[in-house]
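Here's the letter readout for the chains.
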Amino acid sequence: MPTEFFKKTLDPVIALTAIAILDIFMFLLIGAWTVGGGETMMTGLIAQVFMGDELERLPFWTLVFDPDPTYWKIYISLGMLFGAFVSAVLSKEFYIRVPRRLSEWVMITIGGLLMGIGIRLAFVCNVSTFFGMGPEMNMGGYLAISGILAGAWVGSLIYKKILEG
Amino acid sequence: MSAIGQCLVAFVFGSVVGLLVQRSRFCNTAALRDAILFKTYRNTKALLVAMIILTIGFTGFLTIGEGNPMYFDVGLNTFAGLFIFGVGMVLAGACTVSTWVKTGEGNVGALWALLFTFVGMFLFSLVWSVNYWPPAPASMTGEPNLEALQLGYANAATLQEKLGVPAIVFGIVQAAVLFWIYRAIRRKEEAQAERHRESQAGAVALAQPAE
């Protein structure tokens, strides 16, 4: 029953099994699921709005990511936003949540910055790591998985220290 | 496929993913953080199952020359970048998927993390425009370039090409390793559940009045 679907929490193993099967179709049609590339292109497009032709003075935006609104990876992210919004509304789980403590805002800000820097340094995000390169047995997948595990461990130690005050 | 067609396929795929992730509360950050900090594996198991399916699927199609694998050189930057990312995602409490999904649920903190991910990317573009490292895709050769700390490009398809062994064989080995990890987690969970049952039974026995 569709209404039941929006009442209960779905087992993540079932959800990820379905996503993996769809990801195989994506791999055959265009390329495996990825998020970081689309986010970088969005960054370039937003920067272009503010900077105009001045952006071309930064070689990154001509040699690595030339802003292009028809870059398909952008639309995976926009689709996720749309799908999550529709799902949250249908399951009556949409409501505005705002972090209350200043420490949360600080951690989210630093965390966001590190994620952006890390994705661009690596040329790969966590999604490409686990849902693209890793299963393709790309050498970069093993480097990326080692890196993210080490990073998550260090991050967890920091997080624990902050939680313990 | 045309560019518009690709964008449409990507949007439909993203929408279904957004819906499934929202309904299942799957989080890549939690898959790693919860296993490290709290020894709970709800998300870790789902991640492993997906990777097993994908490994068989991708390497199976690579064996017959189908599919669109990622093609770029990797190196020290791949490890270092994901290390920085790993620290960041635990601090932010969200990864690239959950920032979009939680934003769709009305989470302002996730939107803030997303905005600062963009800021981080732009800051990196400033630095890259000065030092040009890691090498731009146009200058990648697929071969090791130790001067630029690059190891080149290799995946199941290149292994098949070099060794003459079908890519799926390597895929089956990787899937078996992932399944072994999955089974070890299941056993650990069963042992945890057993200990929990025993401690509860002990508590009930203590609460019984003596005859």
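Residues numbered from 1 in each chain as written. Chains lettered and ligands numbered in written order. Predicted model: local features only at pLDDT ≥ 70, side-chain atom pairs only at ≥ 80, totals over all residues. Heavy atoms only, no water.

**Examining the interface of chain A and chain B**
Accessible area lost when the parts come together is the quantity often used to give the size of an interface.
Item 1. Counting residues at the interface gives 120 residues for chain A, matched by 111 residues for chain B.
Item 2. Of the charged contacts, one joins A:Glu93 and B:Arg23 as a salt bridge, the two residues approaching to 3.0 Å between their closest N and O atoms.
Item 3. Across the contact surface, chain A and chain B share 30 residue pairs in polar contact (both at pLDDT 80 or more).
Item 4. Of all the secondary-structure elements, those providing two or more residues to the side of chain A that touches chain B are helix H2 (12–29), helix H3 (36–51), helix H4 (60–63), helix H5 (72–90), helix H6 (102–122), helix H7 (126–136) and helix H8 (139–163) of chain A.
Item 5. Broken down by class, the residue content of the side of chain A that touches chain B amounts to 80 nonpolar, 30 polar and 10 charged. (Contact = heavy atoms within 4.5 Å. Salt bridge = Lys/Arg side-chain N within 4 Å of Asp/Glu carboxyl O. Polar contact = N/O pair within 3.5 Å; in protein donor to acceptor, adjacent residues only side chain to side chain. Helix = DSSP H or I, 4+ residues; strand = E, 2+ residues; numbered from the N terminus. Nonpolar A, V, L, I, M, F, W, Y, C, P; charged D, E, K, R; others polar.)

**Looking at the domain arrangement of chain A**
Residues and elements named next belong to chain A.
Item 1. For chain A, the domain assignment lists domain 1 (1–96) and domain 2 (98–164).
Item 2. With centres defined by C-alpha atoms, the gap from domain 1 to domain 2 works out at 18 Å.
Item 3. Taken together, the 14 residues of domain 1 in the interface contact 10 residues of domain 2.
Item 4. Considering only the surface of domain 1 that becomes buried against domain 2, Trp-33, Gly-36 and Ile-96 emerge as the three largest contributors, covering 34% of it.
Item 5. Linking domain 1 with domain 2 are 0 salt bridges, by the criterion used here.
Item 6. Of all the secondary-structure elements, those providing two or more residues to the side of domain 1 that touches domain 2 are H2 and H3.
Item 7. The residue makeup of the side of domain 1 that touches domain 2, split by class, is 9 nonpolar, 3 polar and 2 charged. (Domains from an automatic or database assignment. Buried area = accessible area lost by both parts, 1.4 Å probe.)

**Things to note about the UniProt feature "transmembrane region" (unreviewed entry) in chain B**
Item 1. UniProt records the feature "transmembrane region" (unreviewed entry) at residues 46–64, 76–101, 108–130 and 163–182 of chain B, using the numbering of this structure.
Item 2. Note that residues 46–64 of chain B is 95% helix and 0% strand, and that its end C-alpha atoms are spaced 28 Å apart. (UniProt positions renumbered as here; feature names shortened; annotations may be inferred.)

**Regarding the nonpolar core**
Item 1. By size, the foremost hydrophobic cluster in this structure holds 97 residues, and its most contacted members are A:Trp33, A:Phe131 and B:Met89.
Item 2. The leading source of residues in this core is helix H3 (residues 42–63) of chain B, at 10 residues.
Item 3. Beyond its immediate sequence surroundings of up to four residues, A:Trp33 is in contact with A:Ile19, A:Asp23, A:Ile76, A:Met80, A:Val127, A:Ser128, A:Phe131, B:Phe13, B:Val17, B:Met70 and B:Val97. (Core = buried A, V, L, I, M, F, W, Y, C linked by side-chain atoms within 4.5 Å. Buried < 20%, exposed > 50% of the residue type's maximum accessible area, 1.4 Å probe, protein only.)

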